[in-house]
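Here's the letter readout for the chains.
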Amino acid sequence: AQKVTQAQTEISVVEKEDVTLDCVYETRDTTYYLFWYKQPPSGELVFLIRRNSFDEQNEISGRYSWNFQKSTSSFNFTITASQVVDSAVYFCALEVDSNYQLIWGAGTKLIIKP
Amino acid sequence: SQTIHQWPATLVQPVGSPLSLECTVEGTSNPNLYWYRQAAGRGLQLLFYSVGIGQISSEVPQNLSASRPQDRQFILSSKKLLLSDSGFYLCAWSEQKNTEAFFGQGTRLTVV
């Protein structure tokens with residue numbers, strides 16, 4: 001069975017601080033895909049990144065970066081120099097190659113204070 | 001470009017009443033379509049997915065049903081709503097399996 005754990009329920013930081021959101025996953029499949037989504041207060045889920053299990057390269061997109069480590073089954077997300085607009089709930093999700101179902105973490109609510 | 005429309009945004013329905021939520025996708029053909037439910041403060045639960053017209057797969061047995069009468073139309077229905085059906089319902093589409101999904105704006109359903 002697959003599982004995604006986001007142990008941080010809520011994180012609050014002051015603007016311009018760096019913040020890392022943790023994601024730990026469990027699966028026995030060798031081919032799988034990891035995702036991060038952002039859900040702002042409006043409710044719509046916004047896709048951020050997709051990673052397959054064979055690509056452990058870290059990725060940077062502007063202030064966002066992702067650290068994928070198969071050895072620890074983690075796919076952590078870091079926001080550098082956070083901004084108030086980054087305030088949202090962030091979800092990590094897992095999908096195995098043989099399945100249509102995304103397995104979602106419970107989400108981390110990120111609050112950026114001005 | 002592709003867009004997804006979901007309506008209504010908010011709905012208050014009495015227990016025992018029927019439900020119909022509609023979702024349409026534009027700018028693509030033969031998308032995979034999904035209905036999710038999100039309970040307050042929780043992650044998403046996949047309810048139904050469809051890989052083609054008339055093809056519906058249910059992930060969770062419940063009081064709801066889904067239909068795909070056209071290639072880019074996905075409908076979530078219930079004959080009689082329960083209080084436990086309250087929640088935030090999201091429609092999504094993807095090009096194929098294991099690719100990123102794009103979500104509609106969601107419907108907040110309150111059953112009273």
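Up top is the structure.
Basis of the calculations
- Residues numbered from 1 in each chain as written.
- Chains lettered and ligands numbered in written order.
- Predicted model: local features only at pLDDT ≥ 70, side-chain atom pairs only at ≥ 80, totals over all residues.
- Heavy atoms only, no water.
- Helix = DSSP H or I, 4+ residues; strand = E, 2+ residues; numbered from the N terminus.
- Rg over C-alpha atoms; globule rule 2.2 N^0.38 Å.
- Buried < 20%, exposed > 50% of the residue type's maximum accessible area, 1.4 Å probe, protein only.
- Contact = heavy atoms within 4.5 Å.
- Areas by Shrake-Rupley, 256 points an atom, 1.4 Å probe, with all protein chains shown as cover.
- Buried area = accessible area lost by both parts, 1.4 Å probe.
- Salt bridge = Lys/Arg side-chain N within 4 Å of Asp/Glu carboxyl O.
- Polar contact = N/O pair within 3.5 Å; in protein donor to acceptor, adjacent residues only side chain to side chain.

Participant: Lay out the overall build of chain B with the relevant residues and their values.
Facilitator: Counting secondary structure elements, chain B contains 0 helices and 11 strands. Secondary structure of chain B in N-to-C order comes out as β-β-β-β-β-β-β-β-β-β-β. Compactness check: chain B gives a C-alpha radius of gyration of 13 Å against a globular reference of 13 Å for 112 residues, within 12% of the reference. In terms of principal-axis extent, the alpha carbons of chain B reach across some 40 × 25 × 20 Å. Counting every position in chain B, which comprises 112 residues, the buried fraction comes to 50%. In chain B, once contacts between residues fewer than 6 apart in sequence are set aside, the share between residues at least 24 apart is 54%. Accessible area of chain B: about 5,200 Å², with a carbon and sulfur share of 51%.

Participant: Mind laying out the interface of chain A and chain B, listing which residues take part and the relevant values?
Facilitator: Taken together, the contact pairs 22 residues of chain A with 22 residues of chain B. Where chain A abuts chain B, roughly 1,800 Å² becomes buried across the two surfaces, and 54% of that area is made up of carbon and sulfur atoms. In this assembly, chain A and chain B are joined by 0 salt bridges. On inspection of chain A and its partner chain B, the count reaches 7 residue pairs in polar contact (both at pLDDT 80 or more). Within the residue set of the side of chain A that touches chain B, elements represented by two or more residues are strand E5 (32-39), strand E6 (46-52) and strand E10 (88-96) of chain A.

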